[in-house]
Amino acid sequence: MPTILITTDPTHTTAFFAPTSFLGSDLFSAFRTALTTGGARAVKVRGAWTNQAPIAAAPKVVAALQTAGFATDMSEDVRSSLAKGVQAMVSDLHGADQILAQIKADLARRGQALRQYQIEGVRALLSERTHVLGDDMGLGKTLQMLCTVPARGRALVVCPALVKGSFSAEVAKFRPDLTPVILSGRGSFRWPEPGEVVITNYEILPAEDSISDPPMGVVLLIDEIHRCGSSKTQVTAKIGALCGLVLDRSGRTYGATGTLMRTTPPNIWAILGALRLRQRAFKNWDGFCSAFGAWQNDFGGYEWPATCPAGASVGLAKVMLRRTKSEVARDLPPCVTTNMPVTVSASVLRTLDKVAAKTLDKLHRRGIAITAKTLSEVSDEDMDKAMADGATIGEISSVRETLALAKLPAALEYVADMEAQSEPLIVFSAHVAVAEAIGTRPGWGLITGSVPAAERTRIVAEFQAGRLCGVAGTIGAMGVGVTMTRAAQVLFVDESWTPAENAQARDRAHRIGQERSVNVVRMIARHAVDERVSAVLAEKTERNETSVEAARVNETFVAPALALPDLTPPTVVQVPAEEEGETPIDF
């Protein structure tokens, strides 16, 4: 097999990989695959393309090349630098084991335990420089990510603004050796010092072209990475810039989400791009489209199938660690969902019919064939047309809010019944007015988007300590970043358009630490809109589970063995290149 020459820049921070002879198409394809597997990428420097990787990632690239059958050649200085990289990789794993041992001891003193899948998850993450942790909500993704930070390491956390306080509390709970620092306001961004976990939120990240180079070896932890689901947004551009800077300076980047596949394929492509995972998973856009079964329409755009092909799951499994509750937390009590039909008053129906007249008229004027004259006459097919029409989404949303408010009397009756039984309760709604009507009751807490993060943390702590009867909140504000396992009763007065958001909200109670069966009640008005929306959400949930569940790792998962290169000095005879013109990996 041909030899690959490995060199570094003068500061030994970047390694370069180049064949010493002409490879031919088959060998060059194997060369490309090995580089991609190891984490190398192509970079254009002064008009010339080079295959390169941060020095910390270079040992894995060398191991991949050797596994593919290539010989490797390098100077003693380069060999020494790579040996230090190998030592650092082994040290990271040993350090993680020590951290995990300390956490296990601390939990044992509190009568709790660290789960085996969490230990394996940490080791799996440390075997990659960049990866997605896609475990089910409630399985401890924050804990696993924090354990990838070495003692006296530097970590930067990017998360939603509302959960910064919760993340800080998790650092204090599980990593008392590190100091959490919460950033606030635009212009506050800075890189962490040794032993710090700097916590910021998406909205105040600096522009991508104004971010300074990070120190070497920063660990970047991105919570709710599915927020980078559009290639055109500033958030995605900023996260992509951060990831690139960190990885190029021998750092690590990990994105956490329980909902990666509960979105469209183009959103997934954007997320993988931000984390530099596209090539490892699918090689390029054509490979991605092929894996997801996409085809081009007559207008040059792409159409995506309703169900996800197996090829997409295979690709995602290369870049995402996914475990479900049913696999790794079988001792977790079950979660049962029931629908509660609610009859709305005649006055509400008359109000809705007025809105219906406006909505249906708009649809008719736009040439959308709907025969119904009132919302109660709208068929499933008509409702699908209305919900798919952007011009009428405002009216449909208005109808949903009216229905949510109409369900309030029934919701308050349910709340009073839970109070009479001294049963802790969590209440969710997509509408602030509904949440406020319940959350302002005596002995209750209220969490909406306007509640400061510190107050939000206090309310959750009060509820968990048994000093509140219940907490009501909006799905967007209370559906992420909090643990409320004291409650085994969850009430949805109404739901979000997005099934993943509803699942996240439900899992505030159904997560590790829950000791009782969780009963989720969905209130559904006896009305065409609510009934159809409920059916659509159920259909979307079932469809979206297909590929993400296929990409999961089951309870027998064993973290991959650390890929270490053979750095024994070989005897290599270099052969001059027979031909030129081969192009390195083009990303």
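The model shown is predicted, which means the values in this text are computed figures rather than measured ones.

Conventions and cut-offs
- Residues numbered from 1 in each chain as written.
- Predicted model: local features only at pLDDT ≥ 70, side-chain atom pairs only at ≥ 80, totals over all residues.
- Heavy atoms only, no water.
- Core = buried A, V, L, I, M, F, W, Y, C linked by side-chain atoms within 4.5 Å.
- Buried < 20%, exposed > 50% of the residue type's maximum accessible area, 1.4 Å probe, protein only.
- Helix = DSSP H or I, 4+ residues; strand = E, 2+ residues; numbered from the N terminus.
- Contact = heavy atoms within 4.5 Å.
- Salt bridge = Lys/Arg side-chain N within 4 Å of Asp/Glu carboxyl O.
- 1 Å grid on protein atoms, 1.4 Å probe; cavity = no way out; pocket = protein on both sides within 12 Å on 5 of 7 lines; lining within 4 Å.
- Points joined across faces, edges and corners; volume = space filled by probe spheres on them.
- Nonpolar A, V, L, I, M, F, W, Y, C, P; charged D, E, K, R; others polar.
- Phe/Tyr/Trp six-rings, centres within 6.5 Å; stacked < 30°, edge-to-face > 60°.
- Lys NZ or Arg CZ within 6 Å of the ring centre and 35° of its normal.
- Pairing = 2+ DSSP bridges.
- Right-handed = clockwise from strand over helix to strand, strands pointing away.
- Axes fitted to C-alpha atoms, helices over the stretch in contact; angles between N-to-C directions.
- Parallel < 35°, antiparallel > 145°, perpendicular 65-115°, else oblique.

Draft legend 1. How the structure looks around the nonpolar core. Ile239 and Leu242 are the most contacted members of the largest nonpolar core, which has 38 residues in total. Going through the elements one at a time, strand 7 (155-159), strand 10 (219-223), helix 7 (234-248), helix 8 (265-274), helix 9 (278-282), helix 10 (285-291) and helix 11 (310-317) are the ones with two or more residues in this core. With near-sequence residues (within four places) excluded, Ile239 lies in contact with Val158, Tyr202, Leu205, Ile222, Ile225, Cys228 and Ala274.

Draft legend 2. View of the pattern of salt bridges. Under the defined criterion, the tally for this structure stands at 16 salt bridges. One salt bridge connects Glu128 with Arg280, and the closest N-O pair in it is separated by 3.5 Å. Here Arg280 lies in helix 9 and Glu128 lies in the loop between helix 4 (116-126) and strand 6 (130-133), a separation of 152 residues in the sequence. Judged by relative accessible area, which is 15%, Glu128 ranks as buried. Two residues, Arg506 and Asp507, come together in a salt bridge whose shortest N-O distance is 3.0 Å. Here the residues in one salt-bridge network are Lys60, Glu128 and Arg280, joined through shared partners.

Draft legend 3. Representation of the layout of surface pockets in the model. Of the voids in this model, the largest pocket is the one considered here, and its volume is about 1300 Å³. As for the largest pocket, its lining consists of 46 residues, and the residues nearest its centre are Glu170, Lys173, Thr483, Arg511 and Ile512. Elements that contribute at least two residues to the lining of the largest pocket include exactly helix 5 (141-146), helix 6 (164-174) and helix 18 (453-464). Ranked by residue count, the leading element in the lining of the largest pocket is helix 6, at 6 residues. Across the lining of the largest pocket, the residue classes tally to 19 nonpolar, 16 polar and 11 charged.

Draft legend 4. Molecular detail of the packing of aromatic side chains. If you walk through the whole model with that rule in mind, you get 15 aromatic pairs. An angle of 65 degrees between the planes, with centres 6.0 Å apart, marks the rings of Phe288 and Trp304 as edge-to-face. Taken together, the residues Phe288 in helix 10 and Trp304 in the loop between strand 13 (302-303) and helix 11 connect sequence positions 16 residues apart. On the basis of relative accessible area, Phe288 is assigned to the buried category, the value being 0%. Between Phe292 and Trp304, the aromatic rings sit 6.4 Å apart at their centres with planes inclined by 85 degrees, giving edge-to-face as the arrangement. Taken together, the residues span a long stretch of sequence, with Phe292 in the loop between helix 10 and strand 12 (295-296) and Trp304 in the loop between strand 13 and helix 11 at a distance of 12 residues. The rings of Trp269, Phe282, Trp285, Phe288, Phe292, Tyr302 and Trp304 are connected pair by pair, giving a single aromatic cluster. A cation over an aromatic ring shows up here: Arg486 above the ring of Phe463, its NZ or CZ 4.9 Å from the ring centre.

Draft legend 5. Looking closely at unusual backbone geometry. Of note, Glu224 is a non-glycine position whose phi angle comes to about 55 degrees, a positive value. Within the fold, Glu224 resides in the loop between strand 10 and helix 7. Phi is positive for Ser250, close to 60 degrees, though the residue is something other than glycine. Judged by relative accessible area, which is 12%, Ser250 ranks as buried.

Draft legend 6. Spotlight on the pairing of strand 11 (residues 252-256). Most of strand 11 is tucked away, with 5 of its 5 residues classed as buried. Side-chain alternation along strand 11 places Arg252, Tyr254 and Ala256 on one buried face and Thr253 and Gly255 on a second face that is also buried. Relative to strand 11, strand 6 runs parallel, the two sharing 4 bridges. What sits directly across from His131, in strand 11, is Tyr254. For strand 10 and strand 11, the ladder comprises 5 bridges, and the chain directions are parallel. If you follow Ile222 over to strand 11, its bridge partner there is Gly255. Each parallel crossover has a hand, and for strand 10 linked through helix 7 to strand 11 it is right-handed.

Draft legend 7. Local environment of the packing of helix 2 (residues 58-67) against helix 3 (residues 76-109). Across the interface, helix 2 lies against helix 3 with an axial gap of 8 Å and an inter-helix angle of 100 degrees. Compared by their axis directions, helix 2 and helix 3 come out roughly perpendicular. Residues Ala58, Pro59 and Val62 of helix 2 form the contact with helix 3, whose own contacting residues are Leu82, Gly85, Val86 and Met89. Taken together, the residues of the contact of helix 2 with helix 3 sort by class into 6 nonpolar, 1 polar and no charged.

Draft legend 8. How the structure looks around the sheet that holds strand 15 (residues 335-342). Read across the sheet, 6 strands follow the order 15-20-19-16-18-17 without closing on themselves; strand pairing throughout is parallel. Looking at the sheet topology across the chains shown, the edges are occupied by strand 15 and strand 17 (444-447). Mean inter-strand twist for the sheet, computed between neighbouring axes without regard to direction, equals 20 degrees. In the sheet, strand 16 (residues 425-429) pairs with strand 18 (residues 470-474) via 5 bridges, with the strands oriented parallel. When the bridges of strand 18 are listed, Leu425 appears paired with Gly470. Helix 18 rests against strand 16, strand 17 and strand 18 of the sheet, and its axis sits at about 145 degrees to strand 17.

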